[in-house]
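Structural characterization, general
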Amino acid sequence: MHDRAINALYEFVRSNREYPLLQRSPEYHRSVLEMEEAMSDLEKALTPEQKELLERCISARLVSDDMDSMALFTCGVSVGMELAFCGQL
């Protein structure tokens, strides 16, 4: 499948399926709140240099996580297409 089509589908799913699904999840909200509180506590204890290093680590992790999500999504689309082609869906 063409990269632009996959990217468009991925963005559609994230905006119109994933986000609304997560918004209904109390566990998701609890997890986000716990993460924000822990980050706030951590940042209070860090020097400016340590905060900069933390921000670089978080930024790199977000890029890596997004790439992982896109790879998993692409695999799911591929499997779905294969099953549809074989008449299994």
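Described below are features of the structure shown in this document. (Residues numbered from 1 in each chain as written. Predicted model: local features only at pLDDT ≥ 70, side-chain atom pairs only at ≥ 80, totals over all residues. Heavy atoms only, no water.)

**Quick notes on the pattern of salt bridges**
Under the definition given, this model contains three salt bridges. One salt bridge in this structure joins arginine 14 and aspartate 66, with 3.0 Å as the shortest N-O distance. Note that arginine 14 is positioned in helix H1 (residues 3-23) and aspartate 66 in helix H3 (residues 48-85), a separation of 52 residues in sequence. Salt-bridge contacts for aspartate 65 lead to arginine 61; the nearest nitrogen and oxygen are separated by 2.8 Å. Here arginine 61 and aspartate 65 lie together in helix H3, a separation of four residues that amounts to about one turn. Residue classification places aspartate 65 among the partly exposed residues on the basis of a relative accessible area of 29%. The exposure class of arginine 61 is exposed, given its relative accessible area of 54%. Look at the salt bridges and you will find they share partners, linking Arg14, Glu18 and Asp66 into a network. (Salt bridge = Lys/Arg side-chain N within 4 Å of Asp/Glu carboxyl O. Helix = DSSP H or I, 4+ residues; strand = E, 2+ residues; numbered from the N terminus. Buried < 20%, exposed > 50% of the residue type's maximum accessible area, 1.4 Å probe, protein only.)

**What about the packing of helix H2 (residues 26-45) against H3?**
Axis separation between H2 and H3 bottoms out at 9 Å; the angle between their running directions is 145 degrees. Considering the relative orientation of H2 and H3, their crossing is right-handed. Here Met39, Leu42, Glu43 and Ala45 of H2 come into contact with H3, specifically with Gln50, Lys51, Leu54, Glu55 and Ile58. Its residues assigned to classes, the contact of H2 with H3 shows five nonpolar, one polar and three charged. (Axes fitted to C-alpha atoms, helices over the stretch in contact; angles between N-to-C directions. Left-handed = near helix turned anticlockwise from the far one by under 90°. Contact = heavy atoms within 4.5 Å. Nonpolar A, V, L, I, M, F, W, Y, C, P; charged D, E, K, R; others polar.)

**Brief notes about the state of the cysteines**
All told, the structure shown has zero disulfides when counted by the stated rule. The closest cysteine sulfur to the non-disulfide-bonded cysteine 75 is located on cysteine 86, 17 Å from its own sulfur. (Disulfide = S-S within 2.5 Å.)

**A look at the nonpolar core**
Ranked by size, the top nonpolar core spans five residues in total: Ile6, Tyr10, Met70, Phe73 and Val77. Listing elements by their share of this core, those giving two or more residues are H1 and H3. The dominant element in this core, judged by the number of residues it contributes, is H3, at three residues. Those residues in contact with phenylalanine 73, other than ones at most four positions away along the chain, are Ile6, Leu9, Tyr10 and Val13. (Core = buried A, V, L, I, M, F, W, Y, C linked by side-chain atoms within 4.5 Å.)

**Concerning the environment of glutamate 11**
Along the chain, glutamate 11 turns up in helix H1. Sequence separation of glutamate 11 and glutamate 36 is 25 residues, and the distance between their C-alpha atoms is 25 Å.

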